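Chain and residue survey
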Amino acid sequence: MDFGLSEEQEMLKTSARDFLQKEYPKKLVRQLDESDEGYSPELWRKMAELGWMGLPFPEKYGGGGGSFLDLVVLLEAMGYNVVPGPFFSTVVLGGMTILAAGNEGQKKSLLSEVASGKLIFSLALTEPSVKYDDAASVKTTATARDGKYVINGTKLFVLDANVADYLLCVAKTKATGKPENGITIFLVDSKTLGIKCTLLKTLARDKQCEVLFDNVAVPKENMVGGLNRGWQIIQDVLQKAIVAKCAEMVGGAQAALDMAVAYAKERVQFNRPIGSFQAIQHYCANMVSDVDGSRFVTYKAAWKVSEGLPATMDVAIAKAWTGAAYSRVTLLAHQIFGAVGFTMDHDLHLYYRRAKAGEIMFGDGAFQRAIVAHELGL
Amino acid sequence: MDFRFNSQEEAFRQEVDDFIKRELPTNWAEESHYWPGGYGTIPDFEELNPAAERFRHRLADKGWLTLAWPREYGGAGRSNIEQAIFNERMSYHRAPGPGVATLISGPTILLFGSDEAKREWLPKIARADIRFWLAYSEPNAGSDLAAIKTRAVEDGDDLIIDGQKTWSSGAHVSDFAWMLVRTDPNVAAHRGISLVIVDNRSKGITIRPMINICGFHSFNEVFFDNVRIPKRNIIGEQNRGWYYVMAALDFERLVVPVGGFKRTFEELAQWARETKRDGKALSDEPLIRDKLADLAIDIEVAYMFFWQTAWMLDKGLVPNIEASVLKLVATQLSRKLANTAVDVMGPYGELESGAEWAPLKGRMCTGYLDCISGLVGAGTSEIQRSIIAIRGLGLPYTSG
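Residues numbered from 1 in each chain as written. Chains lettered and ligands numbered in written order. Predicted model: local features only at pLDDT ≥ 70, side-chain atom pairs only at ≥ 80, totals over all residues.

Per the secondary structure count, chain A includes 11 helices and 10 strands. Its C-alpha atoms give chain A principal-axis dimensions of about 80 × 50 × 40 Å. Looking at chain A as a whole, 54% of its 378 residues are labelled buried. Taking all contacts inside chain A whose residues are at least 6 apart in sequence as the whole, residues at least 24 apart take part in 74%. (Helix = DSSP H or I, 4+ residues; strand = E, 2+ residues; numbered from the N terminus. Buried ≥ 20, exposed ≤ 12 C-beta atoms within 10 Å, placed from the backbone. Contact = placed C-beta atoms within 7 Å.)

As structure tokens, this is what we get:
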């Protein structure tokens, strides 16, 4: 049993933290959050040059040949600093789907463009019913017509659709039979006629969008993973996405703890640092349990996913625990900061917002606990 | 990073599991009222059970009571992960085994005792021939342990002890006190404390039972009236006792009954599956499923902290705040497990052991009471949090 990172992973973690601290100061983070695009093309290029976008993809597709676990290490560092932008959508949601289900041609052309920073992806999965596990809830249809597929429907809470070059659209291609056997994934050029994308302002300033598909015609070569084969592909990608989100949350929780402890040591009231009051000390101690616990369960799930081992229970445990823990930690941090943490100019709310968004995304605690109950055979 | 056990570790786990199942009396786990994470229902603290003693001696014969001790002192020289594997299986089966002697006294003597002390005490401890009780707390010295007043005055080659100890778990069924006494009242509190061994048969010792809220006689008040001990019973150097005990406390906190949590949860889940209301199993109720899943998640987190501290020890890292985090997490889980169980059982959860209709021999009801001892014993949760904050995070001392 080994809880340690490899030497390379330690180096990646340190170099990523240093790069992000320098290139993504909180002032820039706030600017990007308030902007519509939500990312800096110049920094996007720099991250691509560092090999970050290609990190988990095989070298033959232009990637760095790293493991999923390596990506998780990087994502924790990104969560620590807060890095606005479509990295998660592009590399995790888009890239992992292409890697899992694309044909050789798709993998070669798309993954290399992702790796070089030339492409931004968005996964258009969720619909107004917001059910992650129910294939029957996919109402967006893709109908075969004149050698193409025509997509109609509404997708909601689609991350980074407003800046994506390609949308991976999850649509219903078969009206009869089991819903899980009638879902297909389509690669859709975001400039295709009939797509209307509206940016929604969200708590965490992540660029979630409403995407309307009105007779959007897609060449049939743009099918990803085969006709009616999409649901299982998406479920597998979601496992990775959940772990990846947990990694960001672990990083963010650590940052909130570090900020709160530093502040408690320097803020003086009643002629003493507030960190000398037991209430504050005990909040910080509780935060340690939450941060460390999150890190352990997240990395266990990440390792299992990275090794290709069955991980349904571990992923659900990681998401249930980490989602709740990150929120608890940021809430306690706000108590420690007092009023000064209640301003937009302060950094903490950046984490507090992301904690709730992370908790909700891909299924909240109750959703994950239902999976755990099922896996336990209750 | 790797979350698997190697083949040697897996084989050891199997060997331990088989041994326990073979050597423990049948239905031992089902009959035991031991609650994981509490100190009030530990059988060793209540009475001498011949079956438990026999089992313990068989463990000693295999060298399993002293797994992580060096071989020259009766240990098996096994890794901390293997020690943790052993602890996990033992608590899963609610098996009697290591006590104060093997967990605390032995390792402390190994670290700080003279060669003479090692020769005198370690073999007997390793063979499970002698039992120790912890004589630390006093009526005026609990969380503030350094405030102890029990005096030990020099008289030639002896010390004369006068004072009182309290919350003395197992004193009435042990052979020796593992005791903190004040040997120098003229210096700062923690600098004048010595660690000594006192024979329970010494003249002047009075043990008065106390009944804990579970209804068990686990602890006592113990009065020392002119009790004479030889100076060679001082462990390590005179007046350095505080520091030895602080080091030892960290090792005690690593022994957390994660296996016991798992076992108790499995029993609760099984009960929920078997119990039907209007033809529907309780385990089919969404709210109950949610509570049980929540518990299962917390147990997995506790397991992760447990393995991680063992891994740290094997890497040569010192888990001082990790030990406090583990104790904090485990004892909170102990309470949550009991509370959830009683809630899920409803009125049945209130039935005490022995009552007609009591599910699972009233174990969860007993646990609801015993979990309190986990939260306040061996360092209250508040003390643990202060240790985490001050020693771990570097926050300033409260006295500013």
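Next up on the list: the overall build of chain B. The helix and strand tally for chain B stands at 12 helices and 9 strands. The C-alpha atoms of chain B give 22 Å as radius of gyration, which agrees with the globular expectation for 400 residues (21 Å, within 12%). Buried positions account for 50% of the 400 residues belonging to chain B. Within chain B, contacts between residues at least 6 apart in sequence are counted, and of these 71% link residues at least 24 apart. (Rg over C-alpha atoms; globule rule 2.2 N^0.38 Å.)

Residue and element names in this part refer to chain B. Closest axis-to-axis distance for the helix 1 (residues 7-23)/helix 4 (residues 80-92) pair is 10 Å, and the angle between their directions is 30°. In this view, helix 1 runs roughly parallel relative to helix 4, as classed from their interaxial angle. The crossing of helix 1 and helix 4 is right-handed. In contact with Glu 9, Phe 12, Arg 13, Val 16, Asp 17 and Ile 20 of helix 1, helix 4 contributes Ile 81, Glu 82, Ile 85, Phe 86, Arg 89 and Met 90. For the contact of helix 1 with helix 4, a count of residues per class yields 7 nonpolar, no polar and 5 charged. (Axes fitted to C-alpha atoms, helices over the stretch in contact; angles between N-to-C directions. Parallel < 35°, antiparallel > 145°, perpendicular 65-115°, else oblique. Left-handed = near helix turned anticlockwise from the far one by under 90°. Nonpolar A, V, L, I, M, F, W, Y, C, P; charged D, E, K, R; others polar.)

With that out of the way, let us pick up helix 4 of chain B. Residue and element names in this part refer to chain B. Between its first and last C-alpha, helix 4 extends 18 Å over 13 residues, near the 18 Å set by a 1.5 Å rise per residue. Burial of helix 4 is extensive: 11 of the 13 residues sit out of reach of the surface. Every buried residue belonging to helix 4 is among Glu 82, Gln 83, Ala 84, Ile 85, Phe 86, Asn 87, Glu 88, Arg 89, Met 90, Ser 91 and Tyr 92, and all of these are buried. Trailing helix 4 by a residue or two, Arg 94 shows a phi angle of about 55°, which is positive. (Expected span 1.5 Å × (residues − 1).)

Turning our eyes to something else, we now look at helix 10 (residues 348-360) of chain A. Residues and elements named next belong to chain A. Helix length check: helix 10, at 13 residues, gives a terminal C-alpha distance of 19 Å against a target of 18 Å (1.5 Å per residue), a fit within 8%. Within helix 10 the residues assigned to the buried category are Leu 348, Leu 350, Tyr 351, Tyr 352, Arg 354, Ala 355, Gly 358 and Glu 359. Residues of helix 10 that are buried make contact with helix 2 (26-34), helix 7 (230-266) and helix 9 (312-337).

What follows covers the nonpolar core. Residues Phe186(A), Val243(A), Ala260(A), Cys284(A), Trp178(B), Val196(B) and Ala302(B) are the most contacted members of the largest nonpolar core, which totals 242 residues. Examining the composition of this core, we find that 21 residues originate from one element, helix 7 of chain A, more than from any other. Contacts of Ala260(A), omitting those with residues within four sequence positions, involve Cys284(A), Met287(A), Ala333(A), Ile336(A) and Phe337(A). (Core = buried A, V, L, I, M, F, W, Y, C linked by C-beta atoms within 7 Å.)

This next bit is on the domain arrangement of chain B. Residue and element names in this part refer to chain B. Domain boundaries in chain B define domain 1 (34-126), domain 2 (132-240) and domain 3 (248-392). Averaged C-alpha coordinates put domain 1 and domain 2 at centres separated by 22 Å. Per element, the largest residue contribution to the side of domain 1 that touches domain 2 is 7 residues, and it comes from helix 5 (residues 100-112). Across the side of domain 1 that touches domain 2, the residue classes break down as 10 nonpolar, 5 polar and 4 charged. (Domains from an automatic or database assignment.)

Looking now at the interface of chain A and chain B. Contacts between the two partners involve 38 residues from chain A and, on the opposite side, 40 residues from chain B. Among the elements of the structure, helix 7, strand 10 (272-273), helix 8 (278-306), helix 9 and helix 11 (365-375) of chain A are those that each provide at least two residues to the side of chain A that touches chain B. Per element, the largest residue contribution to the side of chain A that touches chain B is 15 residues, and it comes from helix 8 of chain A. Residues that form the side of chain A that touches chain B fall into these classes: 23 nonpolar, 9 polar and 6 charged.

Two faces, one strand: in a regular strand the side chains alternate between the faces of the sheet. Residue and element names in this part refer to chain A. For strand 4 (residues 166-172), the tally of buried residues reaches 7 of 7 residues, placing the bulk of the element in the interior. Alternating residues of strand 4 divide into Tyr 166, Leu 168, Val 170 and Lys 172 and Leu 167, Cys 169 and Ala 171, and every residue in both groups is buried. Looking at chain direction, strand 1 (residues 121-124) and strand 4 are connected through 4 bridges and run parallel. Bridged to Leu 123 within strand 4 is Leu 168. By the bridge criterion, 7 bridges tie strand 4 to strand 5 (residues 183-189) in an arrangement that is antiparallel. Across the sheet, residue Lys 172 finds its bridge partner in strand 5, namely Ile 183. (Pairing = 2+ DSSP bridges.)

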